[in-house]
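Single-letter residue listing:
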Amino acid sequence: MATLWIYPSLLFFLFPSLTPSQALRNYPENEVTLLDTMSALGDLGWEAYPAEGWEEISVMDERNTPMRSYQVCNVMEASQNNWFRTRHIAREGAQRVYIEIKFTLRDCNSLPGVPGTCKETFNMYYYESNNPNLWFIKESQYIKIDTIAADESFTQTDVGDRVMRLNTEIRDINNLSKKGFYLAFQDVGACIALVSLRVFYKKCPLAVLNLAQFPDTVTGGDSALVEVRGSCVNDSEEFEAPRMYCSGDGGWLVPIGRCVCKPGFEENKDYCQACRPGTYKASSMDAYCSKCPPHSFSHQEKASECSCEKGFYRADMDPRSMACTRPPSAPENPISTLNDTSVTLEWSPPRDSGGRGDVTYSIHCRKCAGDGRICSPCSNNVHFVPRQFGLSIPKVLITDLLSNTNYTFSVEAVNGVSDLSPTPKQLVTVNITTSQTVNVILKERKSKDSITLAWQGPDRPNGVIVEYEVIYYEKNQRDQNYTVLKTKGHMMTVEGLKPGTTYVFRVRARTDGGYGNYGGEIELETSHEDMLAIGGPNQSTILAVSIAGGIVLLTFLVACFVVSGRHCGYIKAKQDPDEEKMQFQNGRVKLPGSRTYIHPHTYEDPNQAVRDFAKEIDASTIRIERVIGAGEFGEVCSGRLKLPSKREIYVAIKSLKAGYSEKQRRDFLSEASIMGQFDHPNIIRLEGVVTRCKPVMIITEYMENGSLDTFLKKHDGQFTVIQLVGMMRGIASGMKYLSDMSYVHRDLAARNILVNSNLVCKVSDFGLSRVLEDDPEAAYTTRGGKIPIRWTAPEAIAYRKFTSASDVWSYGIVMWEVISYGERPYWEMSNQDVIKAIDEGYRLPAPMDCPVVLHQLMLDCWEKSRSERPKFGQIVNTLDKLIRNPNSLKELANSSVWEDPTTPEFSVSTVDEWLDAINMGQYKDNFANAGYVSLDSILYISMCELSKMDVTLVGHQKKILSAVQSLHAQGTHVQV
Ligand code: AMP
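Residues numbered from 1 in each chain as written. Predicted model: local features only at pLDDT ≥ 70, side-chain atom pairs only at ≥ 80, totals over all residues. Heavy atoms only, no water.

Draft legend 1. Highlighting the overall build of the protein chain. When helices and strands are tallied, the protein chain shows 20 helices and 50 strands. Out of the 976 residues in the protein chain, the part that is buried amounts to 49%. Relative to all contacts within the protein chain whose residues are 6 or more apart in sequence, the contacts with residues 24 or more apart total 65%. Accessible surface, the protein chain: about 46,700 Å² in total, of which carbon and sulfur atoms supply 50%. (Helix = DSSP H or I, 4+ residues; strand = E, 2+ residues; numbered from the N terminus. Buried < 20%, exposed > 50% of the residue type's maximum accessible area, 1.4 Å probe, protein only. Contact = heavy atoms within 4.5 Å. Areas by Shrake-Rupley, 256 points an atom, 1.4 Å probe, with all protein chains shown as cover.)

Draft legend 2. Main features of the state of the cysteines. Going through the model one piece at a time under the given rule, you end up with 10 disulfides. Between the sulfur of Cys275 and that of Cys289 lies a disulfide, 2.1 Å long from S to S. Judged by the sign of its S-S torsion, about -80 degrees, the cystine formed by Cys275 and Cys289 is left-handed. Of this pair, Cys275 sits in the loop between strand 21 (271-274) and strand 22 (279-280) while Cys289 sits in the loop between strand 22 and strand 23 (290-291), placing them 14 residues apart in sequence. A single burial state applies to Cys275 and to Cys289, both of which are buried. Covalent S-S linkage joins Cys368 and Cys375, the inter-sulfur distance amounting to 2.0 Å. What sets the handedness of the Cys368 and Cys375 disulfide is the S-S torsion sign, and at about 105 degrees it is right-handed. Assessed through its relative accessible area of 7%, Cys368 is described here as buried. By relative accessible area, Cys375 is classed as partly exposed at 28%. (Disulfide = S-S within 2.5 Å.)

Draft legend 3. The arrangement of the nonpolar core in detail. Counting residues in each nonpolar core, the largest one holds 87 residues, and the members touching the most others are Phe678, Leu708, Ile731, Phe766, Tyr811, Leu854 and Leu879. Membership of the second largest hydrophobic core comes to 33 residues, among which are Trp54, Val97, Tyr126 and Leu197. (Core = buried A, V, L, I, M, F, W, Y, C linked by side-chain atoms within 4.5 Å.)

Draft legend 4. Expanded view of the site of the ligand. Every one of the 13 residues lining the ligand counts as a neighbour, but Ala652, Lys654, Thr700, Glu701 and Met703 are closest to it. One of the side-chain N or O atoms of Thr700 is found 3.2 Å from a nitrogen atom in the ligand. For the ligand, whose free accessible area comes to 470 Å², the fraction covered by protein is 83%. Of all elements in the fold, only strand 42 (622-630), strand 44 (649-655) and strand 46 (697-701) reach the threshold of two or more residues within the shell around the ligand. When residues in the shell around the ligand are grouped by element, the largest group, 3 residues, is from strand 42. In terms of residue class, the shell around the ligand is made up of 8 nonpolar, 3 polar and 2 charged. (Near = heavy atom within 4 Å. Polar contact = N/O pair within 3.5 Å; in protein donor to acceptor, adjacent residues only side chain to side chain. Nonpolar A, V, L, I, M, F, W, Y, C, P; charged D, E, K, R; others polar.)

Draft legend 5. Spatial organisation of the environment of Asn705. Its place among the elements puts Asn705 in the loop between strand 46 and helix 8 (708-714). Looking at Asn705, the relative accessible area reads 28%, which means it is partly exposed. It is 5.0 Å that separates the C-alpha atoms of Asn705 and Val755, two residues lying 50 residues apart in sequence. If near-sequence neighbours (up to four positions away) are discounted, Asn705 is found in contact with Phe711, Val755, Asn756, Ser757 and Leu759.

Draft legend 6. Fine view of the sheet that holds strand 38 (residues 491-494). Read across the sheet, 3 strands follow the order 34-35-38 without closing on themselves; strand pairing throughout is antiparallel. Where the open sheet ends on each side, the last strands, each with one partner, are strand 34 (445-446) and strand 38. Strand direction decides the pairing type here: strand 35 (residues 451-454) and strand 38, joined by 4 bridges, are antiparallel. Bridging across to strand 38, Thr452 finds its partner in Thr493. (Pairing = 2+ DSSP bridges.)

Draft legend 7. Seen up close, the sheet that holds strand 28 (residues 360-369). The strand order 29-28-32-33 describes an open sheet built from 4 strands, whose pairing is antiparallel. Only two strands of the sheet have a single neighbouring strand rather than two, namely strand 29 (374-377) and strand 33 (427-433). When strand polarity is set aside, the average angle formed by the axes of neighbouring strands in this sheet is 30 degrees. (Axes fitted to C-alpha atoms, helices over the stretch in contact; angles between N-to-C directions.)

Draft legend 8. Structural detail: the packing of aromatic side chains. Under the defined criterion, the tally for this structure stands at 31 aromatic pairs. Their ring planes at 5 degrees and their centres at 5.5 Å tell us that Trp46 and Phe84 sit as a pair that is stacked. Placement of the pair is Trp46 in the loop between strand 1 (31-36) and strand 2 (47-49) and Phe84 in strand 5 (residues 82-85), with a sequence separation of 38 residues. Like Phe84, Trp46 is buried. Members of the aromatic cluster, joined through ring pairs, are Trp46, Trp54, Tyr70, Phe84, Phe103, Phe122 and Phe185. (Phe/Tyr/Trp six-rings, centres within 6.5 Å; stacked < 30°, edge-to-face > 60°.)

Draft legend 9. Broad picture of the packing of helix 9 (residues 721-740) against helix 15 (residues 872-884). Across the interface, helix 9 lies against helix 15 with an axial gap of 8 Å and an inter-helix angle of 155 degrees. Considering the angle they form, helix 9 stands roughly antiparallel to helix 15. When the axes of helix 9 and helix 15 are compared, the crossing they make is left-handed. Taking contact as the criterion, the partners of Ile722, Val725, Gly726, Met728, Arg729, Ala732, Ser733, Met735, Lys736 and Ser739 in helix 9 are, on helix 15, Phe872, Gly873, Ile875, Val876, Leu879, Asp880 and Ile883. Here the residues of the contact of helix 9 with helix 15 sort into 10 nonpolar, 4 polar and 3 charged. (Parallel < 35°, antiparallel > 145°, perpendicular 65-115°, else oblique. Left-handed = near helix turned anticlockwise from the far one by under 90°.)

Written out as C-alpha cells, the structure is:
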C-alpha cells in the first residue's frame, strides 16, 4: 500500500466505467458459470498475501451496483511477489473449465520515475483439490496456467482522457478430476486492476433432433467428442438408435439415427401429435396421418387403423391404406357348351367386384336325378380344367361327367373378403344333361346283301347298359324307310340289304335311365356281287368316323386348354406384379434388407411400374415457386405440396418438357418407379408423380442446399473434419441400403448427392437413361457405352461390369471430392490419361488436410480386384468408429494437392496464376490491392495479413498458407 499515495487517482482510473449491460451479462446458452465476480455483492473473501500486495476493493458500476475487485500497484519497489487466491471453486463435473479475466494494466513507461523492475504481466495458477477449506497452499503446489500480458495497456494520457483499455483474456484448464480447484494470481511488480473474473464450463444444451431428445451434456476434456444417446420423445420409438456428439466447444455434431412417431401419431416439429378423428397412421414408418380410406372411419384420436363401415371388410393381408371392400355380386350371363361328357362353362365377371381386384371363381357341381329334384354332390371323378376353385378367368372345362345325366353347376364369385361376410354367397347356376353316345368302331364285313358292325359302349354310362339299338336306312331315304334293330352285344350283322347300295347306320345304348344319344352316322356300301369280304374277321379296320374324330379333336382341344392354361398361368405367375405389389403397396413399411429392387424393365407395361411404386398426386395440390436447376428432361423447380389432411411441405418438382416422345416419357418416369421403391433417410424421398395431366411431374422432398459438389465448393474449408466424415457416413449408409436391395447406382458422384438444411446427404439421380444421357461427365467408351470415367471402376469401364463393388469405387471418389471440397478428381487430366494412370496403379493422392485413415479407406475402395474392396456395411462401421474416436483423425496424410504427380512440371509465374492454380482465383483483387504483385512477395504472408486483406474464411486462409508452404518446398519450379 506504500505506493498508493503517489498515484492517488490511479486506482480509480484503473477501472473503466462499466455499462449496465456489461454488469448484467447474458452468457451464451452453452456456457455454465461457476463463478462470476460481477454478480458477487459482498466480500469475495479471497486470500491475499502478503498483506501489502493485492487489495480487494469495491467499485460502483453506472447503476451504482457495487462490484468486488482486486488491484495491486507496487511498481516503485523491486522484488514483488504478491499473491491472492480464490475460494474453492467446485467444478460440477466439468473436465475442462474456462477462466475469463477482464483487467487493466498500466504501461510502465507512462509512470514517471518508476524503476526498471516495473512489470507489465502477471501470472495465473490453479491448484486442484477435494478439500473446499484449505487455508494454505504452497506456491510450489500451484500449476501455472499462463503469464498474462495486456493487449492494451494504458498511459497517463489515457487516464486523463478517461480512455479505459479493458483487456479480456480467456484461458482454460483441462482434465480436471478432483472436486474443485483454487485459482491464484501472482503479481511480480505490475500495476494491475482485475476488474472481473468469470469461471465457466461449456455444455451442449438440451436439444431435440429427429424426434430424439439429447440432454444437457458437459463437454469432454481434451476437446474429445462425447457420444450421447438420445431418447425418443413421447409417442415415438427408435428407428435407428439416435446418437449425437457433443463437441469441445459446446456444439452438437453428426446426428445419427432417428426416432419415428408410433402408429396413431405423426411428427410435428419436435414432437409426435395424435392423429385426429377421421385419420390414422398404421405404421411408425409412415410420416403423417392419412385420411381414412373409403368405407372406413376412426371416431377416436390416435387411430392406427380405421374401422370398416357396416357391410365392408378388410382382409388380413390388405394394407391399412386400402379402402374397405365387400364380397362381389354374382357372375352373370353363364353359357355352357356341351360335348358328350364334357362341358365348357363361361360367364361374365360380376357387375360389382366389391371394390377389389382379386375376384376368383369357384364351381360347385351337383348331379341330379328324378327330373332334377334329387341332387347330390358330384363324385371326385369329375375333373375341372384348369381347376375347380380359385379360377382367375371366367371359364372352365369340366370333363369326365357321366353320360346321359343331369348336372347343376353353380358358379360363385369370391374375393378376399368373401369369407368375412356373413351374407350368403352370390351364385349363378347352369343345368346341363350329358349325352350317352356310343362310339362305333366298325368291324366291317361286307357282302352284296349284308354288313357286320361292331361298337364300343359309352365311356361313362349312367348305369348298366341293357341293350343297344341300331338304326339304318338307305342313304337319302331316311324319311321313307328305316329299320331299328336291337341287341345286347357289341356287334350285329344286318342282312337282307340291296347289293351295291349305300346305307347309313347309327347306334345308341339304353340303360335303366333310358336311351342315350345316337352316335355319329356311318355310311357303308354293300358289294355289287359276291366277293370276299374286305378284311376278314381278324382284320379290323378302324375307321376315322366322325365321332372318333370328334373325340380326337376334343382330346386335342382339352390338351390345348390344359397346356395353354398352364402356360398362361406360368407366364402370369412370372409377370403378375401383384405378388410383388403386396410387398410394396403396404404403405411405406419396408423391412430393411428384406427386399430386392425391381427393375422397371421387368414390367411389360412401364406405366404399371409407375402405378405400383409412385403415388399419383393431384396437380392442384402443388404450388411451383421458382426454378432451381435444369434436368435432362426439363426444369427442376422448388415449391410446396399440400396433400389433403397433411402438412404443407417443401418439394422439388421435376417436369417433363413439352413435345416429348413416348420413350422420353417412360424414361423420365422410370426415375420415379425406381425412387419409389426406396425408403431410407439417406436416399432422396419420392412424394409422388403427376401423370394424369400435363406437364408430367416427379415430386421429391426438397433439399435446401442442392447438390453436394456445388455446396462444398461454396463452403470451401468451412467444415470440421467430423462434419465431413458425418456427410460421408450418410452417403455410405444410403449406399448400403441400395446395395442390400441389389440396386447398383452406376453414377455415384458428389454431383448426384443432394444436401438438406441439416447437412444430411442423400443419394439421388435414379433415372434409367441418366448414365447414358444426363450426366455431363459421362463420356463414350470404346465399347460404345457412355460412362463417367473419373468416378467409374476399371472393370465397369472395360467390360461394363457394374456391381455394388464398382459403386464402392465411385464412393471412394466421392470421399475424395468431399475432403477436397469439390475438387475435380484427377484435375484436368484427360479421360484417356485417367484410364491409363489407373491401369498403371496410380491412385488419387490424399487431399490437403486429409486424415491418413480416410485416405487409406479411399485406397481400399480403389483396389483393382473388386472382391478386395470393402462392402458398404463395412465402410459405415469404419466411419462410425472414426466419429467415435476423433483422435484417430488427427494424423494427416503428408501430402497435398501440390504433390499431385500429374503436375510435376507445375510452374506459375504470377500471383494471379498461382491463385488460379490453387482455386482461390476469387482473391486476385485482394492480393493486388494489398500490394502482393510478385510471387516472392507472398512467400512470407501471414494469416493476420490475409485477414486484413479480407480473406477471412479460416479454410481459405489455411489453403492459401499451405500452398505458400508448397511454394517454399518446390522453389525450383516457381519462376519468381
Ligand atoms: P437432376 O435432374 O436430378 O440432376 O436435377 C438437376 C438439379 O436440380 C440438381 O443438380 C439440383 O441442383 C436440383 N435438384 C434436383 N432435385 C432436387 C431436390 N430434391 N432438392 C433440391 N434441388 C434439387
